[in-house]
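For reference, the chains in residue letters:
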Amino acid sequence: MDLGLENKVALVAGGTSGIGLAIARELAAEGAHVAIGGRDPGRLAAAETAVKEVARGRVHATSVDITDSAATRRWIDEVAAEFGALHVVVISGGTPPTGNAASFETSDYRTAVDAILLPAVDVALTALPYLRTARWGRVLFVASETASVPISGLAMSGVTRAAIVRFAQSLAAGVGRDGVTVNVLAPSATRTPLLEHVAAQQSADGSLEAQFDAMGTHTAVGRIARPEEMAAVAAFLASERASYLTGTVQLVDGGASVLGPTSAHLPWEADVHGPAEPE
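Below or above, wherever it landed, is the structure these notes cover. (Residues numbered from 1 in each chain as written. Predicted model: local features only at pLDDT ≥ 70, side-chain atom pairs only at ≥ 80, totals over all residues. Heavy atoms only, no water.)

**Brief notes about the overall build of the protein**
Stage number 1. Counting secondary structure elements, the protein contains nine helices and seven strands.
Stage number 2. Compactness check: the protein gives a C-alpha radius of gyration of 18 Å against a globular reference of 19 Å for 279 residues, within 12% of the reference.
Stage number 3. Taken along the three principal axes of its C-alpha coordinates, the protein extends 55 × 40 × 35 Å.
Stage number 4. Across the 279 residues that make up the protein, the buried fraction comes to 51%.
Stage number 5. Counting only contacts in the protein whose residues sit at least 6 apart along the sequence, the fraction spanning at least 24 positions is 75%.
Stage number 6. Split by element, the accessible area of the protein, about 12,600 Å² in all, is 52% carbon and sulfur.
Stage number 7. Across the protein, 20 positive and 30 negative side-chain charges occur, with their mean positions spaced 10 Å apart. (Helix = DSSP H or I, 4+ residues; strand = E, 2+ residues; numbered from the N terminus. Rg over C-alpha atoms; globule rule 2.2 N^0.38 Å. Buried < 20%, exposed > 50% of the residue type's maximum accessible area, 1.4 Å probe, protein only. Contact = heavy atoms within 4.5 Å. Areas by Shrake-Rupley, 256 points an atom, 1.4 Å probe, with all protein chains shown as cover. Lys, Arg positive; Asp, Glu negative; His and termini not counted. Charge placed at Lys NZ, Arg CZ, Asp CG, Glu CD.)

**Some thoughts on the sheet that holds strand E6 (residues 180–187)**
Hydrogen bonds along the backbone pair up the strands of a sheet, which may run parallel or antiparallel.
Stage number 1. Ordered by their spatial adjacency, seven strands build an open sheet running E3-E2-E1-E4-E5-E6-E7, and the pairing between neighbours is parallel. On the outer flanks of this sheet lie strand E3 (59–63) and strand E7 (249–252), each paired with one strand and no other. If you compare each strand with its neighbour and ignore which way they point, the axes differ by 15 degrees on average.
Stage number 2. Bridging between strand E2 (residues 33–38) and E3 involves five bridges; their strand directions are parallel. Counted as the bridge partner of Gly38 is Ser63 from E3.
Stage number 3. Along the sheet, helix H4 (residues 106–134) makes contact with strand E1 (9–13), strand E4 (88–91), strand E5 (137–142) and E6, crossing E4 at roughly 175 degrees.
Stage number 4. On the sheet, helix H5 (residues 155–175) packs against E5, E6 and E7 and is oriented at approximately 160 degrees with respect to E6. (Pairing = 2+ DSSP bridges. Axes fitted to C-alpha atoms, helices over the stretch in contact; angles between N-to-C directions.)

**Observations concerning the pattern of salt bridges**
Stage number 1. On inspection of all chains with the given rule, the structure shows nine salt bridges.
Stage number 2. Between Glu229 and Arg223 there is a salt bridge, with the nearest N and O atoms lying 2.6 Å from each other.
Stage number 3. Using a relative accessible area of 25% as the deciding quantity, one classes Glu229 as partly exposed.
Stage number 4. According to the relative accessible area criterion, Arg223 is partly exposed, its value standing at 34%.
Stage number 5. One salt-bridge network, held together by shared partners, links Arg223, Arg226, Glu228 and Glu229. (Salt bridge = Lys/Arg side-chain N within 4 Å of Asp/Glu carboxyl O.)

**Describing helix H7 (residues 208–216)**
Stage number 1. When H7 is considered as a whole, its buried residues turn out to be Gln211, Phe212, Met215 and Gly216. Seen from one end, H7 has its buried residues packed into an arc of 140 degrees, which puts them on one side. (Arc of directions from axis to C-beta.)

**Topic: the nonpolar core**
Stage number 1. Core analysis: the biggest nonpolar cluster contains 38 residues, and Leu86, Phe141 and Val182 have the highest contact counts within it.
Stage number 2. Of all the elements in the fold, those that place two or more residues in this core are E1, helix H3 (69–83), E4, H4, E5, H5 and E6.
Stage number 3. Looking at this core element by element, the count peaks at nine residues for H4.
Stage number 4. Other than its neighbours up to four places away in sequence, Leu86 contacts Val9, Leu11, Ile76, Val79, Ala127, Tyr130, Leu131, Ala134 and Trp136.
Stage number 5. Ranked by size, the runner-up nonpolar core spans 32 residues in total, among them Leu27, Val51, Ala225 and Ala235. (Core = buried A, V, L, I, M, F, W, Y, C linked by side-chain atoms within 4.5 Å.)

**What to know about the environment of Ala200**
Stage number 1. Structurally, Ala200 is set in helix H6 (residues 193–202).
Stage number 2. In this structure, the C-alpha to C-alpha distance between Ala200 and Gln211, residues 11 residues apart in sequence, is 8.0 Å.

**Re the pairing of E4**
Stage number 1. Alternating residues of E4 divide into Val88 and Val90 and Val89 and Ile91, and every residue in both groups is buried.
Stage number 2. As paired elements, E1 and E4 share four bridges and run parallel to each other. Each residue of the ladder has a partner; that of Ala10, found in E4, is Val88.
Stage number 3. Relative to E5, E4 runs parallel, the two sharing four bridges. Its bridge partner lying in E5, Val88 is registered against Arg138.
Stage number 4. The parallel pair E4 and E5 is bridged by H4, and the resulting crossover is right-handed. (Right-handed = clockwise from strand over helix to strand, strands pointing away.)

**Here we look at the side chain of Asn183**
Stage number 1. Mapped onto the fold, Asn183 is located in strand E6.
Stage number 2. A distance of 2.8 Å separates a polar side-chain atom of Asn183 from the backbone oxygen of Leu245.
Stage number 3. Among the polar contacts made by the side chain of Asn183, one reaches the main-chain amide nitrogen of Gly247 at a distance of 3.4 Å. (Polar contact = N/O pair within 3.5 Å; in protein donor to acceptor, adjacent residues only side chain to side chain.)

Given below as structure tokens:
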């Protein structure tokens, strides 16, 4: 299937690891020119190499902290100037602390908004004039299943991701006639380096596979997701073929949401429900 992404210019914030990196690789393999940004220079260099391995177009890598608004603007302006346009903006990264709603202070919520919501808004608004100029644009926020499904032990994620959804939907309503679509990808547990770290901490014997198996018990397919599966959905949302798809939240959870509300299998839910019982 031709996604119509060849020679499009894609910018991926948070493209140095996990789902963000998988999306950058997928877009590059489809022929887009890809610019990735991230804070850690070491991870950035490794990610640049990984994207170049599959790229059919050019790859641009920049060390940038998107919580710094001035640095964000410089990065986006530099990418647009180097490639002559900007068409696809993917905003990934940022993980708030886990816990239920009452376990945080007001200051913790303020910090999460500053770290998760406002940088995503800033990237989108800064890039928007370039997308409008091109008359062809895709904005994709990579959020979490909490954008669509309430999970008590992920209260902070739910608060910030729900806010991203409402911003994205309002933005979609305002830019659709400019040829720009805006969508939210809401992935469930995915085997990323971050989740591997969490699983290792939660596993009694250090067995990652046993912990991942437990996480996967409450999905219709019986396992957690792979980053490239999320990337495949993201590439479609960024494509020419998705031109009539905007203002949506794409929940990609392996069918977990249709099995009911039980989530005690998730490591961050243990404090709320106790350990998961064998099924």
